[in-house]
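Examining the three-dimensional arrangement
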Amino acid sequence: MNNRRFSGYATVFCAFLTLAGSARAQDSTLSGTITDATDAVLPGATVTALHVATGNIFVAVSDTAGQYRIGAMRPGVYTIRAELSGFTTISRENVELLVGQAILFNVKMTLATVAESLTVTGQAPLIDTTQSKLGGNIDTRQVEALPVNGRNWMQLTMLAPGSRANDVGDAPTGLGGTTGGTGQRGDPGYFQLIVDGQQVTYAFAQATYGQPKIARDAIGEFQFLSSRFDATNGRSLGLVVNAVTKSGTNLFSGAGYGYFRDDTFIAKDFVAKRVLPYSNQQFGGTLGGPLVKDKAHFFAYYEGEREPQTFTFQSPFPRFNIPDISETRIEHKAGGRVDVQLSPSKRLMVRGNSWRNHLPVDYVRYDSVVFHPSRALEQRWYRNDQLFTSFTQTFGNKSVNEIKAGVFRADSDERTPPGLEESPSIILRGYTLGSFVAALPLRLTGHTWSARDDFTTVVRAAGVHELKLGGDFLWNHNFLEWSTQKYGTLQANGGPIPANIEDLFPVWNDPKTWNLAPLSPITVRWTQSFPTCSTQTNGCGYTWADVPREASAWLQDNWAVTSRLTLNLGLRWDLAYNWAGQHLDFPPLHHKRGNEWTNIAPRLGFAYTLPDQRTVLRGGTGRYFIGAKDQWTHHIPANLQLAVVGVLNDGRPDFASNPFNGPPPTFEQAQALLHDTTGGVISDNVLMPYSYQTSLGVQRQLGETMSVQADYVWNAGRREQILQNTNLSYDPATGVNYPFSDISRRPWPFLGITQQYLMLAKSNYHGLETAFTKRFSRRWQASATYTLSSFRDYVPPPTSGLALVTFPVPEDIGNNWAYAQGDQRHRAVFNGIWELPFELQLSGLYMYGSGQVFPTNYGADLRNSGNAFLRLRPDGTIAPRDGVRGNPIHRTDLRVVRRFRIQQGLRAEASFEVFNVFNHVNYGNYVTVEASSLYGQPVQNLNVAYLPRMLQLGVRVMF
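Residues numbered from 1 in each chain as written. Predicted model: local features only at pLDDT ≥ 70, side-chain atom pairs only at ≥ 80, totals over all residues. Heavy atoms only, no water.

Structural notes on the overall build of the chain
Assigned secondary structure in the chain consists of six helices and 53 strands. On C-alpha atoms alone, the chain measures out to a radius of gyration of 29 Å, which is about the 30 Å that the 2.2 N^0.38 rule sets for 959 residues. Counting only C-alpha atoms and orienting by the principal axes, one finds that the chain spans roughly 105 × 60 × 50 Å. Within the chain, the fraction of its 959 residues that count as buried is 61%. Partitioning the intrachain contacts of the chain with sequence separation of at least 6 by distance along the chain shows that 73% fall at a separation of at least 24. If you sum the accessible surface of the chain, you get close to 35,100 Å²; carbon and sulfur atoms cover 60% of it. Computed over 86 positive and 79 negative side-chain charges, the inter-centroid distance for the chain is 4 Å. (Helix = DSSP H or I, 4+ residues; strand = E, 2+ residues; numbered from the N terminus. Rg over C-alpha atoms; globule rule 2.2 N^0.38 Å. Buried < 20%, exposed > 50% of the residue type's maximum accessible area, 1.4 Å probe, protein only. Contact = heavy atoms within 4.5 Å. Areas by Shrake-Rupley, 256 points an atom, 1.4 Å probe, with all protein chains shown as cover. Lys, Arg positive; Asp, Glu negative; His and termini not counted. Charge placed at Lys NZ, Arg CZ, Asp CG, Glu CD.)

The structure is reproduced here in structure tokens:
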């Protein structure tokens, strides 16, 4: 990098560091008014908030209007004390502040003739009278006590109102991807994970290669923002998860634990119809305590996991259904955190985390019905390391500034099993053999450096304004080794699968024994890449790098117009620099162009408290831009240094085994041939996707411990991505594409399949989201949510060359709405925790979801479209793209804990958990290709959300 360019970047970086901005949503806020018995305001009263666990102190003094405010408070339990000379001291104990909560604590003080104090009881209100954002909090007790199969704390996002995921893995969005190639709503553009106020979402390669993992025992609590979050959060069309990690306290404490699952306590697999061999061991420990009492504390954790798993095969071809394969997944998580309160107005935090995961079989991509064992058994190694710090400082009663900085590195190494390293990918009608999309080995390394500054201040003018001003900057450096089409793909779906297919592949893991020549009559094309070097990408062969940058700035005004009406007014600016390969030149599909500098997102909300002070009307609308995804960029470098030749079947009887009729070409020779693009090349005319999020609802507190809420929500995704073969032309009379095999009809006759990302798709979500909350009191707590919703998306008309087709086209080609993948009409979740006599605790979770939509197609390219349109059937009818709606899902999970006191300061607990108590048959995947004889049938899914009844035994020793 030259010095001038570096200086420019450094200037931008420093500018964002010096910006002022809001205390992030992780921090809680306490405010109120101090008055006397006549309701006259009392200036000069001192309000002290003591964080009980750590002894940290937060202090404010009431101003001339009698008002005080303490910002950037750590979530936790507090004792709040109000003092003023000549008045009775008022204390309130056991006030629990949740992450992102803003609570109002008004104090009425009485004259005292002698030194006296009064301790009052009562908890923080459950309704938020100043914010209109949607979602909910998962508190510390829920994180620790509820049954979670696999102990992935992210699964608990399903408890919050507005959650739409049945199965939670790396992303809280679960399924929810769209059909017709319109994008994946499980990728980081549709959610953001914020930990301790810092964005840690892994945006590399659509996040399918491992989000950062933190052990459940290291998470304190989190907030799930399902929609309409304020301007301080962004880079998400959907939702935000704000989590805080645990910190040390004034007491040295620690724990060692182990949790065990085994096939002795597992019911029969729903698909295999037998108990599959299985075992899982999770073990680890935590340690925390004071470095300096009341001032500095530490917390550290480690967790390991060993999970042998069994993979079965149930294809229509008996000889391909090899004996079960058992492999063991190994995972390690470790980390630590140090908190230092330098003074009542200054606080420092440093946190580091590390994660390792080895998957001998990638069960995420495993499908026992439509994949040959050679296709299903890819291997992965993951790594993610993080280091973050934050410095918080308060200025008097009105202002808080918080600076955050950090770096994290993520690595993924994906390979085919031994013996299959050089196997091609073979696509038949409804069945696939060989390497996964011919893209292995695949090695990815991503680094992200980030800096953020937040400032909050209070201004009194025409009401009270809580002003939040801030900005951040993210520098990404990504390196790829992507062997796309290195060993080729045989598209042999031009006819039914041969009856002797099992004879052609006698040894499943030895490509040298495979006889491809007999597939020639049904083969459409052979595709293979040939590499060279590129000065644009500073890479050679199958390796290159890209360096996208992101920046944002915002202004948020939470304007208390009156004591009952608050307006949430926000304005956010987002920049994703080189998010679409603007610095790269790949004509005719992609050219160098400028960046988008004017992506402005206004947001408006309101919260109106009724006179009863227990009911809040809330709503608003706003615009939300997506976060950058390197997926939109890194396919362009691949095409700059790879010539991907698509050779059409020339009728030779040995074409499938000898597609080039001789030695493969060199790069220069391949460039002279018709060649395809690899992956998707983003179009020149795309703009950053965004969504409109709108809601209107009500929240009401019932008594001191319960609340209900109901919100109508409309989320409209616009400019969403779709992947199209743009090298097709269409007949205006019929709307049907001209045969792709007719080269003269192609917009670019010198190119083959030209997959391009276009931002022309869109979606609409309508939902009635309701919730009931009963917080912990009288030894129990519970909450429930119910959502009635509809989720549809739109596949646009096709693009031919650079022009959008404007005349009518058949339904399978485009220009139609349908129910989107993941559409689920009804969803209900209940959870509860009960403290019982004899040191027993019972907790449970029930989840119901009506059937979800899965995208479907016929499975053959009968339109001769270069494999772009697969829904046309042989009889001329069109398969619906939302043709399979799954069965309803019922899950009931229970957990019983018995606590024991071993000796003074040493305790133990034993836990017994049952997942899917009633062994309800739940399916997460179905065969969606009509050409398969098993169309519509469920297939094995190893996500814990769909497993049969399973028991887990746990033991924990604590001091």
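Continuing now.
Section: the sheet that holds strand E27 (residues 525–531)
Read across the sheet, six strands follow the order E23-E22-E26-E27-E35-E36 without closing on themselves; strand pairing throughout is mixed. Each edge of the open sheet carries a strand with a single partner, namely strand E23 (431–434) and strand E36 (675–676). In terms of strand pairing, E27 meets strand E35 (residues 642–648) through seven bridges, oriented antiparallel. Its bridge partner being in E35, Thr527 is matched across the sheet by Gly646. Together, E27, E35 and E36 form the strand contacts of helix H5 (residues 631–641), whose direction differs from that of E35 by roughly 75°. (Pairing = 2+ DSSP bridges. Axes fitted to C-alpha atoms, helices over the stretch in contact; angles between N-to-C directions.)

Remarks on a nonpolar patch on the surface
There is a patch of nonpolar side chains on the surface, built from Leu291, Val292, Val338, Val350 and Leu387 and spanning about 400 Å² of accessible area. Position of Val350 relative to the elements: it lies in strand E19 (residues 346–359). (Patch = residues over 30% accessible without salt bridge, like charges linked within 9 Å, V, L, I, M, F, W, Y side chains within 5 Å. Salt bridge = Lys/Arg side-chain N within 4 Å of Asp/Glu carboxyl O.)

Some thoughts on the pairing of strand E49 (residues 889–903)
Consecutive residues of a regular strand have side chains that alternate between opposite faces of the sheet. Relative to E49, strand E46 (residues 840–849) runs antiparallel, the two being bridged by 10 bridges. In the strand pairing of E49, Gln841 is matched with Val897. Pairing between E49 and strand E50 (residues 906–915): nine bridges, direction antiparallel. The residue bridging Arg899 from the neighbouring strand is Glu909, located in E50. Linking two consecutive strands that pair antiparallel, namely E49 and E50, is a turn of two residues; a positive phi of about 80° is found at Gly905 within it.

Side note on the pattern of salt bridges
This model, assessed by the stated rule, comprises 51 salt bridges. Measuring nitrogen to oxygen at the nearest pair gives 3.7 Å for the salt bridge that ties Arg956 to Glu909. Taken together, the residues span a long stretch of sequence, with Arg956 in strand E53 (residues 950–958) and Glu909 in strand E50 at a distance of 47 residues.

Things to note about the sheet that holds strand E14 (residues 239–245)
Pairing is mixed across the open sheet formed by five strands, whose spatial order is E10-E13-E14-E11-E12. The open sheet is flanked by strand E10 (134–138) and strand E12 (198–199), the only strands paired with a single partner. As paired strands, strand E13 (residues 219–227) and E14 are joined by six bridges and run antiparallel to one another. The residue of E14 that forms the bridge with Phe222 is Ala243.

Section: the state of the cysteines
Applying the stated rule across the entire model yields one disulfide. For Cys533, the disulfide goes to Cys540, at an S-S distance of 2.0 Å. As the torsion about the S-S bond is roughly 110°, the Cys533-Cys540 disulfide counts as right-handed. For Cys540, a relative accessible area of 40% puts it in the partly exposed group. (Disulfide = S-S within 2.5 Å.)

Some thoughts on the nonpolar core
Ranked by size, the top nonpolar core spans 40 residues in total, and within it Trp153, Leu156, Leu159, Leu193, Phe222 and Val241 carry the most contacts. Of all the secondary structure elements, the ones that give two or more residues to this core are helix H2 (140–145), strand E11 (191–195), E13, E14, strand E17 (296–311), strand E21 (399–415), strand E45 (826–836) and E46. Once residues within four sequence positions are removed from consideration, Leu193 is found in contact with Trp153, Met154, Gln198, Gln199, Val200, Thr201 and Val241. (Core = buried A, V, L, I, M, F, W, Y, C linked by side-chain atoms within 4.5 Å.)

Concerning the side chain of Gln199
Structurally, Gln199 is set in strand E12. Within the structure, the side chain of Gln199 is placed 3.4 Å from the side chain of Gln192, a separation counted as a polar contact. At 3.0 Å, the side chain of Gln199 and the side chain of Arg235 are in polar contact. The residues contacting Gln199, other than those within four sequence positions of it, are Gln192, Leu193, Ile194, Arg235, Phe388, Phe408 and Leu474. (Polar contact = N/O pair within 3.5 Å; in protein donor to acceptor, adjacent residues only side chain to side chain.)

Observations concerning H5
Most of H5 sits out of view: 11 of its 11 residues are buried. Inspection of H5 places Gln631, Trp632, Thr633, His634, His635, Ile636, Pro637, Ala638, Asn639, Leu640 and Gln641 among the buried residues, and these make up the whole buried set.

As for the pairing of strand E20 (residues 379–395)
The pairing of E19 with E20 spans 14 bridges and is antiparallel. Residue pairing across strands places Asn357 opposite Tyr382, the latter belonging to E20. In this structure, the hairpin formed by E20 and E21 is closed by a connection of three residues, where Gly396 is found at a positive phi of approximately 65°.

Re the packing of aromatic side chains
Here a ring pair, both rings aromatic, is described through the centre-centre distance and the interplanar angle of the planes. All told, the structure shown has 22 aromatic pairs when counted by the stated rule. Ring geometry for Phe252 against Phe298: centres 6.3 Å apart, planes inclined by 55°, an arrangement best described as tilted. One end of the pair, Phe252, is in the loop between E14 and strand E15 (253–266); the other, Phe298, is in strand E17, with 46 residues separating them in the sequence. In this structure Phe298 comes out as buried when scored by relative accessible area, which is 18%. Taken together, a centroid distance of 6.4 Å and an interplanar angle of 85° make the contact between Phe270 and Tyr923 edge-to-face. Here Tyr923 lies in the loop between E50 and strand E51 (925–926) and Phe270 lies in the loop between E15 and strand E16 (279–292), a separation of 653 residues in the sequence. For the residue pair Phe270 and Tyr923, the accessibility class agrees, reading buried in each case. A cation sits over an aromatic face here: Arg746 above Phe740, 3.8 Å from the ring centre. (Phe/Tyr/Trp six-rings, centres within 6.5 Å; stacked < 30°, edge-to-face > 60°. Lys NZ or Arg CZ within 6 Å of the ring centre and 35° of its normal.)

Quick look at the environment of Ala733
Structurally, Ala733 can be placed in the loop between strand E39 (706–725) and strand E40 (755–777). According to the relative accessible area criterion, Ala733 is exposed, its value standing at 71%. Taking the C-alpha atoms as reference points, Ala733 and Phe807, 74 residues apart in sequence, are found 8.7 Å from one another.

Thoughts on unusual backbone geometry
Residue Pro588 follows Pro587 across a cis peptide bond; omega there is 5°. Turning to its location among the elements, Pro588 is positioned in the loop between strand E32 (565–577) and strand E33 (599–609). Phi is positive for Asn538, close to 50°, though the residue is something other than glycine. Among the secondary structure elements, Asn538 is positioned in the loop between strand E28 (533–534) and strand E29 (539–540). Assessed through its relative accessible area of 72%, Asn538 is described here as exposed.

A few points about the side chain of Asp339
Its location among the elements puts Asp339 in strand E18 (residues 325–343). The class for Asp339 is buried, based on a relative accessible area of 2%. Side-chain polar atoms of Asp339 contact the side chain of Arg337, separated by 2.7 Å. Residues in contact with Asp339, not counting those within four places in the same chain, are Arg74, Ser247, Lys295, Ala296, His297, Leu348 and Met349.

A closer look at the confidence of the model for the chain
Regions with low pLDDT should not have their predicted coordinates read in detail. Looking at the chain as a whole, its pLDDT mean stands at 89, while 93% of the residues score no less than 70. Overall, residues 175–184 carries pLDDT values under 50, and its contacts beyond four positions in sequence, including any with other chains, amount to 39 contacts. (pLDDT = per-residue confidence, 0-100.)

Some points on the environment of Val41
Checked against the element boundaries, Val41 lands in the loop between strand E1 (28–35) and strand E2 (46–51). Of the residues examined, Val41 reaches a relative accessible area of 39% and is grouped as partly exposed. Spatially, the C-alpha atom of Val41 lies 6.2 Å from that of Ala65, the residues being 24 residues apart in sequence. Once you skip the residues sitting within four places of it in the chain, Val41 turns out to touch Thr33, Ile34, Thr35, Thr64, Ala65 and Gly66.

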